[in-house]
Amino acid sequence: MASKSLYSPGDPMLKKRDDFEDMLEERRISSDLKYAFKCYTPVLYKGLPPCKTTMLKGMVLQSDQLHYVIGQISKESGEAAATIQEEASAILEEMAHRLQLSTVRFFAFALTKAFKTLFRSICVNEEGIQRLQQAIQEHPVVLLPSHRSYMDFLLMSYILYTYDLALPVIAAGMDFMGMKFVGEMLRMSGAFFIRRSFGGDKLYWAVFSEYVKTMLRNGMAPVEFFLEGTRSRTCKSLTPKLGLLNIVMEPFLKGEVFDVSLVPVSISYERILEEALYARELLGVPKPKESTSGLFKARKVLSEDYGSIHVYFGQPVSVRSLAQGRVSRSQFNLQPRHIPRKPSEDTQSLVNDVAYRLVRTQEENMVLKPWVLLASLLLRAYYRGLGRTALGPEPDHDHDHDHHVMTLEELTEQAVWLRGLVRDFGAFLHWPDDKPPLEVVGASLSLHQGLVRVSEGRVWLVLEEPGGPGPATPEERLLGRAVAVLSCASYRNQVLHVFLRPALLATAIHTASSGKKDEVFNTFSFLRNMLANEFILCPGAAVQDFEEACQQLVKSGALQVSQQQVKATDGGQPTLAFLMAMLDPFLQGYQVVCRYLCEEASEGLTEKQFVPAVRNFTVKLLLAGNLRYYEVLSSDLQKNALAALLRLGAVRRVNGGEQVTLKVDKMVVNSLDDTLGGKLPTQKSVLARL
């Protein structure tokens, strides 16, 4: 197979990244059936033979921890322990995987056919595979892939089968189990099914945690789950969920295993299968229920071209080395280990830091494609075009693209400039340097022709026309545009982690009352804290992030930094303006939420009413021309803004029986809005326009 190299030009020595190998190259020239029925002999943990599913279930049901919890529940409820034991057995039966090699072989055959049709290449870093192979033999392994598509867990198992590695057992949501036939097929290829939330169900938690820990303690198979908990509809990383990470770190903390290896995996799609579906979900269109019939209806995607996928297996991270000096394991000797206990503050702090570090590693190992740069530039051009008609009603749809058109030459020139900037910032960019930039840009635009049009040397975003009989209402036209903009933004979001810290600094320099370093840092810290639910910003790392941003902007020639001053260079304005534009939709989105809570929200606003109410308020602002960013319609942004306001004490939840209402401290919210910049028009001008 041919291998491709990616470089990290952020390193002055142009240190070579791992080589990538296209897995599909061999599949295209050899028999799919022969591949599916190949001799499969994976290397196992300490050479142990694989454990039968019935034996695993028996170990879980006979465990001291589960018996202890059953005894506790029996005392509290008065129910017979035998009845609760039966309940535990039923939970385990519903949950457990039943890995069968025959089913895996069927999937290997079917997925090979599908992948060869859908993708031009699936590139995997071979050194990462070799590291993983070594790790599996030495310690229990936990695989932690990024999560942008339903394809992720199928792809992971497919790769491990191809490279003769032990197949993982995968935490999957209960909704997949409801798919007739397919649900059972997934179970037989390694999926175990868990509820989306357990509430206070002690028995369910005990069965689930013991099931995962038993597999880890005995090294039966790598355990795989998504740190983010769910697919990211925006294609930027989500705040990590800590429950499962707590469980997989516990066997080490309790001294039951010598170490656990955590392996972050970054999956980068050139084109995402669910792009339009995600945009509609963010606009409030309900997610289609997972069903087998839905799967067959989705077969039409097989006629589309989805470009390439890069899968980067990161360095295995040792829990033992992470915990050194952070957590004293002697605390677990004070009582029998089978008695469940709440994690100590030290343990919670460690797990939280590890989760953020792993998601940040996933981001850093993402392979960026040229399209993410083009999407960033096209979105900026679109918003600047709207800016030229700012504070006026939405432009007429027939002439809308005139407001954001770019020439192909101009787009290519800007893309080459941006390519230099992302490389200066140390990004993992896959741009074929052996081809002329115009050819690279043209190929990328061609792949994404559902989102972009090219005609007579001009380029613009395709804005969706609402279907249905009769003329569309202004709101329907606006939501049609929003689908296209949010789809494009999902690709722009894939590069945000590269620009985030410099963008926070650029915005802080623009907002701070002077160029004094401490004032700029204070503004940077405020913005960073405000957006901590929106982006992966490691807790307690504000100084480190500030210094990193200063170094990046000095290196790119945009900034001069002394002991006391932070100052933009004469030639640095285009870079700083671009970075501020990347962050502006989020800052204005948070301001819209603040304005809504202060000016429109009723006293009894419930948490359930919050997103639809903010969406209606945002639609009015957009239709009136008082807001240009369609991304403010995203339910993800609105929920993150609310989470930030709850964390900062500007809003608090009040439990009122069946419903949770939101109590708003208008003084604090107004103050946050003012500090964010107060760029939106006042309520009087909004009302005048509405």
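Every value quoted in this text rests on a predicted model; they were computed, and no experiment measured them.

1. Details of the overall build of the protein chain
Here comes step 1: When its secondary structure is counted, the protein chain shows 28 helices and 17 strands.
Here comes step 2: Within the protein chain, the fraction of its 690 residues that count as buried is 55%.
Here comes step 3: Taking the intrachain contacts of the protein chain between residues at least 6 apart in sequence as the baseline, contacts between residues at least 24 apart amount to 77%.
Here comes step 4: Looking at the protein chain as shown, the accessible area adds up to about 29,500 Å², and 53% of this sits on carbon and sulfur atoms.

2. Looking at the side chain of Arg492
Here comes step 1: By the element assignment, Arg492 lies in helix 20 (residues 474–492).
Here comes step 2: Beyond its immediate stretch of four places on either side in the chain, Arg492 contacts Val372, Ala375, Ser376, Leu379, Met582, Pro585, Phe586 and Glu631.

3. Regarding the pairing of strand 5 (residues 169–173)
Here comes step 1: Of all the five residues making up strand 5, five are buried; the element is thus mostly covered by neighbouring parts of the structure.
Here comes step 2: Burial along strand 5 is two-sided: the face carrying Val169, Ala171 and Gly173 and the face carrying Ile170 and Ala172 are both buried.
Here comes step 3: Note that strand 5 and strand 7 (residues 223–224) share two bridges and pair parallel. Directly across from Ile170, in strand 7, lies its bridge partner Glu224.
Here comes step 4: With four bridges joining them, strand 5 and strand 6 (residues 191–194) adopt parallel strand pairing. By the bridge assignment for strand 6, Gly173 is matched with Ile194.

4. Some words on the packing of aromatic side chains
Here comes step 1: Following the criterion strictly, the structure yields 22 aromatic pairs and no others.
Here comes step 2: Taking 6.0 Å as the distance between ring centres and 75° as the angle between the ring planes, the aromatic pair formed by Phe425 and Phe499 counts as edge-to-face. Of this pair, Phe425 sits in the loop between helix 18 (408–424) and helix 19 (437–447) while Phe499 sits in helix 21 (residues 496–511), and the two are 74 residues apart along the sequence.
Here comes step 3: In this structure Phe425 comes out as buried when scored by relative accessible area, which is 8%.
Here comes step 4: With relative accessibility at 0%, the residue Phe499 sits in the buried group.

5. A closer look at the sheet that holds strand 13 (residues 458–461)
Here comes step 1: Strand order in the open sheet formed by three strands is 11-13-12, and the pairing between neighbours is antiparallel. Where the open sheet ends on each side, the last strands, each with one partner, are strand 11 (406–407) and strand 12 (452–455).
Here comes step 2: In this sheet, strand 13 lies alongside strand 12 in antiparallel orientation, the contact comprising four bridges. Across the sheet, residue Ser455 finds its bridge partner in strand 13, namely Arg458.

Calculation criteria
- Residues numbered from 1 in each chain as written.
- Predicted model: local features only at pLDDT ≥ 70, side-chain atom pairs only at ≥ 80, totals over all residues.
- Heavy atoms only, no water.
- Helix = DSSP H or I, 4+ residues; strand = E, 2+ residues; numbered from the N terminus.
- Buried < 20%, exposed > 50% of the residue type's maximum accessible area, 1.4 Å probe, protein only.
- Contact = heavy atoms within 4.5 Å.
- Areas by Shrake-Rupley, 256 points an atom, 1.4 Å probe, with all protein chains shown as cover.
- Pairing = 2+ DSSP bridges.
- Phe/Tyr/Trp six-rings, centres within 6.5 Å; stacked < 30°, edge-to-face > 60°.

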